[in-house]
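Understanding the architecture of this molecule
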There are 2 protein chains.
Amino acid sequence: MTQLSRREHLVDTALGLFQESGFHSTGIDRILNEAGVSKKTMYQHFHSKEELIYAALRKYDSTFRNYYMNMIEKSGRTPRERLMAMFDITDEWMHSDRFYGCIFINAMGEYAQEDQTIRNICKDFKHMLWRYIYKLSKEAGADNPNGLANELHLLIEGAIVTAHVSQNVGAGEIAKRIGERCIAAYLDGDKKQDSR
Amino acid sequence: MTQLSRREHLVDTALGLFQESGFHSTGIDRILNEAGVSKKTMYQHFHSKEELIYAALRKYDSTFRNYYMNMIEKSGRTPRERLMAMFDITDEWMHSDRFYGCIFINAMGEYAQEDQTIRNICKDFKHMLWRYIYKLSKEAGADNPNGLANELHLLIEGAIVTAHVSQNVGAGEIAKRIGERCIAAYLDGDKKQDSR
DNA sequence: AAATTGGGAAACCGATCTGTCTCCCAAAAT
DNA sequence: ATTTTGGGAGACAGATCGGTTTCCCAATTT
C-alpha cells in the first residue's frame, strides 16, 4: 500500500466515524483501530486531531461536490430540469441507510466559536453549493438568479435538517414542492420580481 | 437562595455554555465554576452530566416556546398575520448578539446515535413547533393545514441553518419571501392543492 | 450553648483524551 | 548477506474528563 492510499484510507475512516458519532466523541484511538493504522504513522501525516478533521471535511467537500453535481447533470438536461433534479438527488441522499445530517452543519454546531478554520470550511462548502445553484439559476434564465439561488439553497438546508432532526422522511418532497413554486415564480412570473 | 433557584441557576448556566461551546466540549467543572455551585450540590440534583443536559434542553424548550409564541401573538392579530410574524420573530432571534444556531439541531449532530433521550427531546421540540404552525395554519383557513405547516416549518429550519452555517444575515428575509408565497398558495390559491 | 446539617472547596479516583516515545520486525536497499 | 528504514504495537506522559469522597465551616435547630 502506497503512502497516498494509506493516508486516504485514514481520512475516509475518520470521516465515516465523524459522521456517525460526531467529532469530539470520536477518539483518535478508535479511528486508528478501525483504519488499521498506527499512531506513529498518523502523526507523521497529520500533526494533530484537528488537522485530521480538516482533511476529512475537505475530502467530504470534494467527494460530495463531484457526486452531487454529476448526479444532477445526469438527471436533468436543461438548467431548469437540473434545479428540480437537485431536490430528488437530495431526497435520495437523505433516504440512504447511513444519513446523519450534513456534516458541515454538525461541525458548525460542535465548533461554535472555538475553531475558525472549521467554521470557514463549513461556510465555504455552503457557499460553493450556493454558487452552483446560482449558476444553474442564471443558465435557466432567471432575471434575479441571486434571489432564486438564495431561496433554493435555503430549501435544501431546511430539507436536510427536517429529515435529520424531525426524522421526517417526506422532507425532500416538501422542499421540492416549495422549490417548484419558487422556480415558477422566478422563471414563469410576471417579471416584476424585486431584486433582493 | 432557595434550593429551587439554585437548581434553576445551574441549569441556566449550563444551557448558556452548551449553546456557546457545544455539549461534549463543555466540562462539568467549567459549568460549576461559572455557576458558583459545588460539585457535591450539583450531583445531588442531577445524577450525571447527561441529566443536566436533559434539564437544560427541556428548560430551553419551555423558555423558547413561551417567548416565541408570545412574541408571535403580540405581533399579529389574525392567524395569517401571525404566520407571517413568525418569520420576523425568527429573524430577530437570528440577529441577536449571541445566536449559535438551534440548540436542538446542534444536539442532534453531537448525539447522532448515542443518546436516544436527547434525540427524542430534539425531535419533540421540533414537533411541538410544527403543531403550533399547524394550529395557526388551520385557524387561517387553509384547506390543507398539514401541507402548509410542513412547508413553513421547513422554511424556518432552513433560515436558522443558513443564518448559522452560511452566516447569511439575510436568511430570515429570504425565508419570509418564500413563506409569503407558500401562504398565498395555500390560502389565496385556486383551491386545487393536492393533499400531500 | 451545644448539636445538627447543608453545602462549598478541593482532594481524589479511574477512565479516557491527545500526543510522544521506545521497541522491534519485515521488507527494501546496498 | 548485511544494513537501513518504514511502520505496527503499544507503553507512556500529562491533561482532562465525569463522578465520589473528605474536610470543614457557617448557619440553623434544639
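Below you will find a few notes about this structure. Starting from 1, residues in each chain are numbered consecutively following that chain's sequence as written. Labels follow written order: the first chain is A, the first ligand is 1, and so on. Per-residue local features are limited, in this predicted model, to residues with pLDDT of at least 70; the limit for side-chain atom pairs, both in listing and counting, is 80 or more; totals at the level of whole chains, interfaces and linings are taken over all residues. The basis for the side-chain values is all heavy atoms of the structure; hydrogens and waters are excluded.

Okay, the pattern of salt bridges next. Salt bridge, as used here: a side-chain nitrogen of Lys or Arg that lies within 4 Å of a carboxyl oxygen of Asp or Glu. Under the criterion given, the structure shown has 23 salt bridges over all chains. Linking A:Asp188 and A:Arg80 is a salt bridge whose minimum nitrogen-to-oxygen distance equals 2.9 Å. In this pair, A:Asp188 is assigned in the segment after α9 (171–187) and A:Arg80 in helix α5 (residues 79–94), connecting sequence segments 108 residues apart. Residue classification places A:Asp188 among the partly exposed positions, given a relative accessible area of 49%. The closest approach of N and O atoms between B:Glu81 and B:Arg77, which form a salt bridge, is 3.9 Å. Each residue is assigned to one of three classes by its accessible area relative to the maximum for its type, calculated with a 1.4 Å probe on protein chains only: buried under 20%, partly exposed between the two thresholds, exposed over 50%. Owing to a relative accessible area of 66%, B:Arg77 belongs among the exposed residues under this scheme. It is possible to trace a salt-bridge network through shared partners that takes in A:Glu8, A:Asp12 and A:Lys59. Helix and strand labels come from DSSP, where a helix needs a run of H or I of at least four residues and a strand needs a run of E of at least two; each type is numbered from the N terminus.

Taken together, the contact pairs 46 residues of chain A with 47 residues of chain B. For the interface between chain A and chain B, the tally reads four salt bridges. In this structure, the salt-bridge partner of A:Glu151 is B:Arg177, at a minimum N-O distance of 3.1 Å. By the criterion applied in these results, polar contacts are pairs of N or O atoms within 3.5 Å in which, for protein atoms, one can donate a hydrogen and the other can accept it, and in which residues neighboring in sequence qualify only through two side-chain atoms. Applying the counting rule to chain A against chain B returns five residue pairs in polar contact (both at pLDDT 80 or more). Elements that contribute at least two residues to the side of chain A that touches chain B include exactly α1 (3–21), α6 (103–110), α7 (116–139), α8 (145–165) and α9 of chain A. Take the side of chain A that touches chain B: its biggest share by element is 13 residues, from α8(A). Under the convention adopted here, Pro, Cys and the residues Ala, Val, Leu, Ile, Met, Phe, Trp and Tyr are nonpolar, Asp, Glu, Lys and Arg are charged, and Gly plus all remaining residues are polar. Per-class residue counts for the side of chain A that touches chain B are 17 nonpolar, 17 polar and twelve charged. By the convention used here, residues are in contact when the closest approach between their heavy atoms is within 4.5 Å.

Right, let's get into the protein's contact with DNA strand D. We define proximity as follows: a residue is near a molecule or strand when any one of its heavy atoms falls within 4 Å of that partner. Near DNA strand D you find 13 residues, and of these A:Arg6, A:Thr41, B:Ile28, B:Lys39 and B:Lys49 are the closest. Sugar and phosphate atoms represent 55% of those atoms of DNA strand D found within 4 Å of the protein. Within the side chain of A:Thr41, a nitrogen or oxygen atom sits 2.3 Å from a phosphate oxygen of DNA strand D. Between DNA strand D and the protein, one listed contact pairs a base oxygen with a side-chain N or O atom of B:Lys39 at 2.4 Å. Elements represented by at least two residues in the surface near DNA strand D include exactly α3 (39–45) of chain A together with α3 (39–45) of chain B. By residue class, the composition of the surface near DNA strand D is two nonpolar, six polar and five charged.

Before going further, it helps to spend a moment on the protein's contact with DNA strand C. Surrounding DNA strand C, one finds 14 residues, the nearest of these being A:Ile28, A:Lys39, A:Lys49, B:Arg6 and B:Thr41. Sugar plus phosphate: this is where 51% of the atoms of DNA strand C within 4 Å of the protein reside. For the surface near DNA strand C, a count of residues per class yields two nonpolar, six polar and six charged.

Counted at 1.5 Å a residue, the expected span for helix α9 (residues 171–187) of chain B with its 17 residues is 24 Å, and the 24 Å between its end C-alpha atoms agrees. Among the 17 residues of α9(B), 13 are classified as buried, and the element is accordingly described as predominantly covered. In a helix, the anticipated span is given by 1.5 Å times the number of residues less one.

Here we come to α8(A). All names here are of chain A. In a regular helix each residue adds 1.5 Å, so 21 residues correspond to 30 Å; α8 covers 30 Å between its end C-alpha atoms and thus fits that length. Counted residue by residue, α8 has 20 buried out of 21 residues, so it is predominantly covered. Looking one or two residues past α8, Gln167 carries a phi angle of roughly 55°, positive in sign.

This part takes up the nonpolar core. As used in this record, nonpolar core signifies buried Ala, Val, Leu, Ile, Met, Phe, Trp, Tyr and Cys residues forming a set joined through side-chain atoms within 4.5 Å. Ranked by internal contacts, the top residues of the largest apolar core, which has 144 residues, are A:Leu10, A:Phe104, A:Leu152, A:Ile178, B:Phe104, B:Leu152 and B:Leu155. Ignoring sequence-local partners within four residues, the contact set of B:Leu155 consists of A:Leu154, A:Leu155, A:Ile178, B:Phe87, B:Ala175, B:Ile178, B:Gly179 and B:Cys182.

Once that is clear, we can look at the packing of aromatic side chains. Residue and element names in this part refer to chain A. When two rings of Phe, Tyr or Trp (its six-membered ring) have centres within 6.5 Å they constitute a pair, described as stacked for plane angles under 30 degrees, edge-to-face for angles over 60, and tilted for the intermediate range. Enumeration over the complete set of coordinates arrives at 20 aromatic pairs over all chains. Each ring, one from Tyr60 and one from Phe104, has its centre 5.7 Å from the other, and the planes form 55°; the classification is tilted. Here Tyr60, found in helix α4 (residues 49–75), pairs with Phe104, found in helix α6; they are 44 residues apart in sequence, far enough to count as distant. Each member of the pair, Tyr60 as well as Phe104, carries the same accessibility label: buried. Taken together, a centroid distance of 4.1 Å and an interplanar angle of 20° make the contact between Phe104 and Phe125 stacked. Taken together, the residues span a long stretch of sequence, with Phe104 in helix α6 and Phe125 in helix α7 at a distance of 21 residues. Put simply, the rings of Tyr60, Phe64, Tyr68, Trp93, Phe99, Phe104 and Phe125 pair up and form one aromatic cluster.

In short, the description is geometric, and any link to function would need to be established separately.
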